[in-house]
Amino acid sequence: MTTTTEANRPDLDAYYGPFTSEKEKEALSVPLRLVAAWSRNDAAGVADSFTEDGILILPGDVYKKGRDEIYSFMAAAYAGPFKGTGVTGNPVDVRFVNDEVALLRTHGGILAPGETEIAPELAVRSTWVVVKRDGEWKLAGYQNSPRGAGATLRW
Amino acid sequence: MTTKAASRWRDATEILEAARVAEDHSYYREFVSDDEKAVLAVPQLIQAAWKANDPDFFAGLFAENGSLLMGDEQLTSREEIRAFMAKGFAGPYRGAYVKGYPVSVNFLHPDVAMVVTGGGIILAGESEVAAERHIRATWIIVRQDDGRPLLLSHQSSPVTG
């Protein structure tokens, strides 16, 4: 499935770390797509990373179910407090439940506009529950939790 | 591809009886199909393991490579979970228990469910989940060959804390 897509560009080697099998890289295309959509502050792109009934859970009473709810939530975030922000993260765990379901864990966080380092208050531990639908990996569930004592961000 | 007969989850009542845990019929809310009840046996078992402050019971509900995020502590195997909870039940979690309720039950595959719950830890001496301990959790529950559900991943994040 991977030809000359962004999933096998050599500059991504550092991103993949130890998760270098084709299968692992395919599953990791989900966070890569989301990071790319976020960098454009593209709410539709973020929502489209999810399955139709995908779930987004963030610290601070955010529970969004379905692409429509996720789209509205992200559009408001990019119009307001998260305008101009980016997001980053590196995989620390990739586990396949079977050929159609995988769990990814990443350590990352939001990048304030113009920043390349994550501020301690924005650091998160994320779990990505990804499923393969019609040959494409999608997010069935995304949850993040504060990482480190200084991680105070609540949405 | 597994056949329908081969992918059946064990009956919730049987799962709970086998663990000598009283089934809480009100726990299921609107998730009352046989398969939904089977996977919701897992959070009921986790609640029972907390109530008993029993680290072996607790860890045994996880897959061998199961993961658990407790606060900022990421555990990545049944053994790590057992050791962490043994310390916890002997220390800060002595007498503590958890209470929760299902918010969403999704089957990602005939053998894999994603459950979202709300709830939290009730420390010794408390009678309900304190506001700062209210969490939302995602559970990935996987069907074993014998139909028994095991917990592959549990992550929580603060709601009001």
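Residues numbered from 1 in each chain as written. Chains lettered and ligands numbered in written order. Predicted model: local features only at pLDDT ≥ 70, side-chain atom pairs only at ≥ 80, totals over all residues.

### Quick look at the overall build of chain B
At step 1: Scanning chain B from terminus to terminus reveals four helices and six strands.
At step 2: Reading chain B from its N end, one meets helices and strands in the order α-α-α-β-β-α-β-β-β-β.
At step 3: Relative to the compact-globule value of 15 Å for 161 residues, chain B shows a C-alpha radius of gyration of 15 Å, a close match.
At step 4: Per-residue burial over chain B gives 40% buried out of 161 residues.
At step 5: Within chain B, counting contacts between residues at least 6 apart in sequence, those at least 24 apart form 52% of the total. (Helix = DSSP H or I, 4+ residues; strand = E, 2+ residues; numbered from the N terminus. Rg over C-alpha atoms; globule rule 2.2 N^0.38 Å. Buried ≥ 20, exposed ≤ 12 C-beta atoms within 10 Å, placed from the backbone. Contact = placed C-beta atoms within 7 Å.)

### Here we look at the sheet that holds strand 4 (residues 101-111) of chain A
Residues and elements named next belong to chain A.
At step 1: Reading across from one edge, 2-1-6-5-4-3 is the order of the six strands in this open sheet, with mixed pairing throughout. Of all strands in the sheet, those with a lone pairing partner are strand 2 (62-65) and strand 3 (86-98), marking the two edges. Strand after strand, the sheet turns through a mean of 15° between neighbouring axes, direction not considered.
At step 2: As judged from the nine bridges shared by strand 4 and strand 5 (residues 123-133), these two strands associate in the antiparallel manner. Bridged to A102 within strand 5 is V130.
At step 3: Each of strand 3, strand 4, strand 5 and strand 6 (136-146) is contacted by helix 3 (residues 29-39), which is oriented at about 160° to strand 3, the strand it contacts most.
At step 4: Most of the contacts of helix 5 (residues 67-79) go to strand 1 (residues 50-58), to which it runs at about 50°, and overall it touches strand 1 and strand 2. (Pairing = 2+ DSSP bridges. Axes fitted to C-alpha atoms, helices over the stretch in contact; angles between N-to-C directions.)

### Re the pairing of strand 6 of chain A
Residues and elements named next belong to chain A.
At step 1: A large share of strand 6 lies buried, amounting to nine of its eleven residues.
At step 2: Relative to strand 6, strand 1 is paired through four bridges, and the arrangement is parallel. Bridge pairing in strand 6 places L56 opposite Y142.
At step 3: Summarising the sheet, strand 5 and strand 6 pair through ten bridges and their orientation is antiparallel. Among the inter-strand pairings, R133 is bridged to a residue of strand 6, identified as E136.

### Looking at helix 2 (residues 34-51) of chain B
Residues and elements named next belong to chain B.
At step 1: Over its 18 residues, helix 2 runs 25 Å from end to end, which matches the ideal 26 Å to within 8%, given 1.5 Å per residue.
At step 2: Where burial is concerned, most of helix 2 is hidden: 14 out of the 18 residues are buried.
At step 3: Just downstream of helix 2 lies N53, where phi reads positive at about 50°. (Expected span 1.5 Å × (residues − 1).)

### Description of the nonpolar core
At step 1: Formed by 75 residues in total, the largest nonpolar core has its most connected members in V130 of chain A together with V39, V42, I140 and I141 of chain B.
At step 2: Counting residues per element, this core draws most heavily on helix 2 of chain B, at ten residues.
At step 3: In this structure, V39 of chain B is in contact with W9, V105, A113, V115, I141 and P149 of chain B, ignoring residues within four places of it in sequence. (Core = buried A, V, L, I, M, F, W, Y, C linked by C-beta atoms within 7 Å.)

### Quick word on the environment of D11 of chain B
At step 1: Tracing the sequence through the fold places D11 of chain B in the segment before helix 1 (12-18).
At step 2: Distance in space between the C-alpha atoms of D11 of chain B and A38 of chain B is 5.7 Å, their sequence separation being 27 residues.

### Quick word on the interface of chain B and chain A
A common way to state how big an interface is: give the accessible area lost once the parts meet.
At step 1: Contacts between the two partners involve 25 residues from chain B and, on the opposite side, 27 residues from chain A.
At step 2: Mapped by element, the contributors of at least two residues to the side of chain B that touches chain A are strand 1 (62-70), strand 3 (97-109), strand 4 (112-122), strand 5 (134-143) and strand 6 (149-158) of chain B.
At step 3: The element that contributes the greatest number of residues to the side of chain B that touches chain A is strand 6 of chain B, accounting for six residues.
At step 4: The residue inventory of the side of chain B that touches chain A, partitioned by class, reads eleven nonpolar, twelve polar and two charged. (Nonpolar A, V, L, I, M, F, W, Y, C, P; charged D, E, K, R; others polar.)

### Notes on the sheet that holds strand 6 of chain B
Residues and elements named next belong to chain B.
At step 1: Read across the open sheet, the six strands follow the order 2-1-6-5-4-3; overall the sheet is mixed. Single-partner strands in this sheet number two, and they are strand 2 (73-75) and strand 3. Taken over all neighbouring pairs, the strand axes of this sheet differ in orientation by 15° on average, direction set aside.
At step 2: Here strand 4 runs beside strand 5; their pairing, made up of nine bridges, is antiparallel. Counted as the bridge partner of V115 is W139 from strand 5.
At step 3: This element, helix 2, spans strand 3, strand 4, strand 5 and strand 6 of the sheet and lies at about 155° to strand 3.
At step 4: Of the strands in this sheet, strand 1 and strand 2 touch helix 4 (residues 78-90), which is tilted by about 50° from strand 1.

### A short note on the pairing of strand 5 of chain A
At step 1: In terms of burial, strand 5 of chain A is a largely internal element, nine of the eleven residues being buried.
At step 2: Count of turn residues in the strand 5 of chain A/strand 6 of chain A antiparallel hairpin: two residues, of which D134 of chain A carries a positive phi of about 50°.

### Quick look at the confidence of the model for chain B
Residues and elements named next belong to chain B.
At step 1: Considering every residue of chain B, the mean pLDDT works out to 95; 96% of them sit at 70 or more.
At step 2: Contacts of residues 1-6 to residues separated by more than four positions or lying in other chains number three contacts, the stretch itself having pLDDT below 50.
At step 3: Interface confidence for the predicted complex, given as ipTM, is 0.94, next to a pTM of 0.94. (pLDDT = per-residue confidence, 0-100.)

### Details of helix 3 of chain A
At step 1: All of the buried residues in helix 3 of chain A are S29, V30, P31, R33, L34 and W38 of chain A.
At step 2: Tucked into the core, helix 3 of chain A has its buried residues touching helix 2 (22-27), helix 4 (43-48), strand 3, strand 4, strand 5 and strand 6 of chain A.

### Observations regarding the environment of K65 of chain A
At step 1: Relative to the elements of secondary structure, K65 of chain A occurs in strand 2.
At step 2: The residues touching K65 of chain A, leaving out its near neighbours within four places in the chain, are D53 and I55 of chain A together with S104 of chain B.

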